[in-house]
Amino acid sequence: MDSKVMDGQVVSMEYTLRVDGKVIDSSEGHEPLDYLHGANNIVPGLERALAGLKVGDSKKIVVPADEGYGPMDEKAFMDVTRAELPDDLPVKPGVEMELTNEDGHPTYARIQHVDGDVIRLNFNHPLAGKELHFDVKIVNLRAASDEEKDHGHAHGAHHH
Ligand code: ZN
């Protein structure tokens, strides 16, 4: 048994993600995260940095924004008026909402700022433009099944 993280492996890892010094996400108190390596299940900079690790290895990984959730897109903002938003939506910075775009697909936005009747919506991922600081520990590795490779994701105990 000398397996390491590489394409076609289902990797179980404990992780903590910090952004701007704050914990954003962590497996602590939960099951480890299972993902299929090489299938873009996780952000590219993290996937690349995990390659070659073995069970028991811990690593601190800093992922720049462009290998994480991408840079902040200055065009992904839109100004709307109060009347264009749902009546029951509180109008203040940071409020998140699901909207329907022109193609009828759900899209997520949050209020960037409010300037009188003009409300600026931000359609960027909340972690766009952010440097991601991961602490990871590899707790298990196994070869993916054909079905998992087919689906492009890991089938854990909670998979439906
Ligand atoms: Zn599946």
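About the thresholds
- Residues numbered from 1 in each chain as written.
- Predicted model: local features only at pLDDT ≥ 70, side-chain atom pairs only at ≥ 80, totals over all residues.
- Heavy atoms only, no water.
- Core = buried A, V, L, I, M, F, W, Y, C linked by side-chain atoms within 4.5 Å.
- Buried < 20%, exposed > 50% of the residue type's maximum accessible area, 1.4 Å probe, protein only.
- Helix = DSSP H or I, 4+ residues; strand = E, 2+ residues; numbered from the N terminus.
- Pairing = 2+ DSSP bridges.
- Axes fitted to C-alpha atoms, helices over the stretch in contact; angles between N-to-C directions.

Draft legend 1. Structural context of the nonpolar core. With 21 residues, the main nonpolar core has L46, L50 and F134 as its most contacted residues. Elements that contribute at least two residues to this core include exactly strand 1 (9-19), helix 1 (44-50), strand 4 (58-63) and strand 9 (132-143). With 10 residues, the next largest nonpolar core counts L85, V95, M97 and I119 among its residues.

Draft legend 2. Summary view of the pairing of strand 1. Most of strand 1 sits out of view: nine of its 11 residues are buried. Where strand 1 meets strand 9, 10 bridges bridge the pair, whose relative direction is antiparallel. Directly across from V10, in strand 9, lies its bridge partner R142. Where strand 1 lies against strand 3 (residues 33-36), four bridges are found, and the strand directions are antiparallel. Of the residues in strand 3, the one forming a bridge with M13 is L33. Bridge count for strand 1 against strand 2 (residues 22-26) is four bridges, and the pairing is antiparallel. When the bridges of strand 2 are listed, L17 appears paired with D25. Here strand 1 hands over to strand 2 after two residues, with D20 in that stretch at a positive phi of 50°.

Draft legend 3. Region of the structure containing the sheet that holds strand 7 (residues 106-115). Taking strand neighbours across the sheet as the criterion, the four strands line up as 5-8-7-6 in an open arrangement whose pairing is antiparallel. If you trace the sheet from one side to the other, it starts and ends with strand 5 (77-81) and strand 6 (96-100), each paired once. The mean angle between the axes of side-by-side strands here comes to 45°, regardless of whether they run parallel or antiparallel. As defined by bridge partners, strand 7 adjoins strand 8 (residues 118-122) across five bridges and the pair is classed as antiparallel. Paired with D115 across the strands is V118, a residue of strand 8.

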